[in-house]
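The residues making up each chain are set out below.
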Amino acid sequence: NLLWEPIRPFLVQQIEELYGRRNGHILEIGPFSGLIFALAHKNVGESLSIAAFPKTAIPLYRQEARKHRLENRVRIIESDRSLINIADDSIDLAIFRGALFFPALFQVDFGAIYRKLKTAGIAFVGGGFGKHTPAEVISRIGKRSEQLNAAMGRVRVTVESVWDQLRSSHLEEKCEITTDGGLWVVMKK
């Protein structure tokens, strides 16, 4: 996860453009979290939380929060793919990087993400380096990232297979998919 630290500012730029706000309750989801720290440094969000899973990741996020001197600003909440311990209708921006590509580890629960969003909330779910990340930054970590992803069972997914997941969750009307800088679902409530 820390390998992606150089990517975070560039991916956060894409998220900021999509979100279009500086306030609100922001939640980062899952085992590939860390963008929340970049958002905190840019003063985006009134409250910032990580819905952390698996449980073994929690100490790593706490350590990273201390490293960034954000342990009092970023709440780390033990959770799972269904977002237990996160209130419904409480999130303005949800971010779930790596959500689509590791089915051996977890299946993304689009319905749970949608339930957690407030009215006018937005979710950015998927993966990729982001549309603003320079090629030279990608080249510095690309090969190692690919190796680590393969070791964790990363699978290739298609836009159509993601649409199938959204249709089975009855959320296709609430989402759009972008392949600009990866494969991302943009969900709006």
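Below is a short write-up of the structure. Since this is a predicted model, take the numbers as computed values, not measurements.

### Notes on the pattern of salt bridges
It is possible for side chains of opposite charge to pair when their charged atoms get near one another.
So, point 1. Taken as a whole and assessed by the stated rule, the structure comprises twelve salt bridges.
So, point 2. For Glu5, the salt bridge goes to Arg8, with nearest N and O atoms at 4.0 Å.
So, point 3. Glu5 gets classed as partly exposed once you look at its relative accessible area, which sits at 26%.
So, point 4. Arg8 sits in the buried class, given a relative accessible area of 5%.
So, point 5. For Asp164, the salt bridge is made with Arg167, and the minimal N-O distance between the two is 2.7 Å. Residue Asp164 and its partner Arg167 are both found in helix H6 (residues 159-168); the two are separated by three residues, about one turn of the helix.
So, point 6. With relative accessibility at 36%, the residue Arg167 sits in the partly exposed group.
So, point 7. Residues joined in a network through salt bridges with shared partners are Glu5, Arg8, Glu64 and Lys67.

### Notes on the sheet that holds strand S2 (residues 47-52)
So, point 1. The mixed open sheet is built from seven strands, whose spatial order is S3-S2-S1-S4-S5-S7-S6. Whereas interior strands pair on both sides, the edge strands pair on one side only; in this sheet they are strand S3 (74-78) and strand S6 (175-178). If you compare each strand with its neighbour and ignore which way they point, the axes differ by 20 degrees on average.
So, point 2. Bridge analysis of S6 against strand S7 (residues 183-188) gives four bridges, and the strand direction is antiparallel. Its bridge partner lying in S7, Thr178 is registered against Trp184.
So, point 3. Relative to S3, helix H3 (residues 58-67) is tilted by about 175 degrees, and along the sheet it contacts S2 and S3.

### Regarding the pairing of S7
So, point 1. The element S7 is extensively covered by neighbouring structure, given that five of its six residues are classed as buried.
So, point 2. By the bridge criterion, six bridges tie strand S5 (residues 117-127) to S7 in an arrangement that is antiparallel. Bridge assignment links Ala123 to a residue of S7, and that residue is Met187.
So, point 3. Adjacent in sequence and paired antiparallel, S6 and S7 are bridged by four residues, among which Gly181 carries a positive phi angle near 85 degrees.

### Looking at the side chain of Asp92
So, point 1. As for its position among the elements, Asp92 is in strand S4 (residues 91-97).
So, point 2. A relative accessible area of 6% places Asp92 in the buried class.
So, point 3. Polar contacts involving the side chain of Asp92 include one to the main-chain amide nitrogen of His25, which spans 2.6 Å.
So, point 4. Those residues in contact with Asp92 that sit more than four places away from it in its chain are Tyr19, Arg21, Gly24, His25, Lys118, Gly121 and Ile122.

### Some remarks on the environment of Thr158
So, point 1. Along the chain, the position of Thr158 falls in the loop between helix H5 (135-151) and H6.
So, point 2. For Thr158, a relative accessible area of 46% translates into the label partly exposed.
So, point 3. Each C-alpha atom of the pair Thr158 and Arg75 lies 34 Å from the other, and the pair is 83 residues apart in sequence.

### Considerations on H3
So, point 1. Residues Ile58, Tyr61, Glu64 and Ala65 constitute the buried set of H3. Seen from one end, H3 has its buried residues packed into an arc of 125 degrees, which puts them on one side. Residues of H3 that are exposed and angled more than 90 degrees away from the buried face: Pro59 and Leu60.
So, point 2. Looking at the packing, one finds that the buried side of H3 touches helix H1 (8-19), helix H2 (35-41), S2 and S3.

What counts, and at which threshold
Sequence order as written defines the numbering, with residues in each chain counted from 1. Note on the predicted model: pLDDT of at least 70 is required for a residue's local features to be given, and 80 or more for side-chain atom pairs to be given and counted; whole-chain, interface and lining totals, by contrast, use all residues. No hydrogens and no water enter the side-chain calculation; it runs on all heavy atoms of the structure. Between Lys or Arg on one side and Asp or Glu on the other, a salt bridge is scored when a side-chain nitrogen of the former is within 4 Å of a carboxyl oxygen of the latter. Each residue is assigned to one of three classes by its accessible area relative to the maximum for its type, calculated with a 1.4 Å probe on protein chains only: buried under 20%, partly exposed between the two thresholds, exposed over 50%. The helix and strand labels rest on DSSP assignments: H or I over at least four residues marks a helix, E over at least two residues marks a strand, and numbering proceeds from the N terminus. In short, DSSP must find at least two bridges between two strands for them to pair. Every angle, taken between N-to-C directions, lies between 0 and 180 degrees, and every axis is a line fitted to C-alpha atoms, over only the stretch in contact when it is a helix. In what follows, a contact means two residues having at least one pair of non-hydrogen atoms within 4.5 Å. We call two N or O atoms a polar contact when they sit within 3.5 Å, provided that within protein one can donate a hydrogen and the other can accept it, with sequence-adjacent residues counted only if both atoms are side-chain atoms. The arc in question is formed by the directions pointing from the helix axis toward the C-beta atoms.

From the geometry alone we can't say anything about function, so treat these as descriptive.
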